[in-house]
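If you want the building blocks of each chain, they are given just below.
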Amino acid sequence: MANIKSQIKRIKTNEKARLRNKSVSSSIKTAARKFRDALTSGDSKAITTELRAASKSLDVAVQKGVLHKNSAANKKSSMAKAAAKAGAR
């Protein structure tokens, strides 16, 4: 454990950030999994709903600083491409 007061504070803030990042990245993974499940089901309405939810969770991750904006854009683009290929509009 650190002896310096500022380092003790940094340890606390780093732990809060780690837990927030873990939560946000978990929600991204869940949204992506739901989108893939919707793709396999073939229901176009479910695909568009899950694509919208996954895009929103990626945008939140960018706002929180968990993902870089280009990384999120690449993920959103590939999901939109897969949705278009599946026939969803």
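Residues numbered from 1 in each chain as written. Predicted model: local features only at pLDDT ≥ 70, side-chain atom pairs only at ≥ 80, totals over all residues. Heavy atoms only, no water.

- Under the Sequence similarities (unreviewed entry) heading, UniProt states for the protein: "Belongs to the bacterial ribosomal protein bS20 family."
- Here the protein is described in UniProt, under the heading Function (unreviewed entry), as follows: "Binds directly to 16S ribosomal RNA." (UniProt positions renumbered as here; feature names shortened; annotations may be inferred.)

**Topic: the nonpolar core**
Then, in step 1: By size, the foremost hydrophobic cluster in this structure holds 15 residues, and its most contacted members are Ile28, Phe35, Ile47, Leu58, Leu67, Met79 and Ala83.
Then, in step 2: Elements represented by at least two residues in this core include exactly α1 (5-41), α2 (44-64) and α3 (69-86).
Then, in step 3: Beyond its immediate sequence surroundings of up to four residues, phenylalanine 35 is in contact with Ile47, Glu50, Leu51, Met79, Ala82 and Ala83. (Core = buried A, V, L, I, M, F, W, Y, C linked by side-chain atoms within 4.5 Å. Buried < 20%, exposed > 50% of the residue type's maximum accessible area, 1.4 Å probe, protein only. Helix = DSSP H or I, 4+ residues; strand = E, 2+ residues; numbered from the N terminus. Contact = heavy atoms within 4.5 Å.)

**As for the pattern of salt bridges**
Then, in step 1: As enumerated under the stated definition, the model contains 2 salt bridges in all.
Then, in step 2: For arginine 18, the salt bridge identified is with glutamate 15, shortest N-O distance 2.8 Å. Within this pair, arginine 18 and its partner glutamate 15 are both found in helix α1, separated by 3 residues, close to a single helical turn.
Then, in step 3: With a relative accessible area of 42%, arginine 18 lands in the partly exposed category.
Then, in step 4: The partner of aspartate 59 in a salt bridge is lysine 76, and the shortest N-O contact between them spans 2.8 Å. Placement of aspartate 59 in helix α2 and of lysine 76 in helix α3 is noted, with a sequence separation of 17 residues between them.
Then, in step 5: For aspartate 59, a relative accessible area of 35% puts it in the partly exposed group. (Salt bridge = Lys/Arg side-chain N within 4 Å of Asp/Glu carboxyl O.)

**Re the side chain of serine 57**
Then, in step 1: Examined against the element boundaries, serine 57 turns out to sit in helix α2.
Then, in step 2: Given a relative accessible area of 13%, serine 57 falls into the buried group.
Then, in step 3: When residues no more than four places from it in sequence are discounted, the contact partners of serine 57 are Ser27, Ile28 and Ala31.

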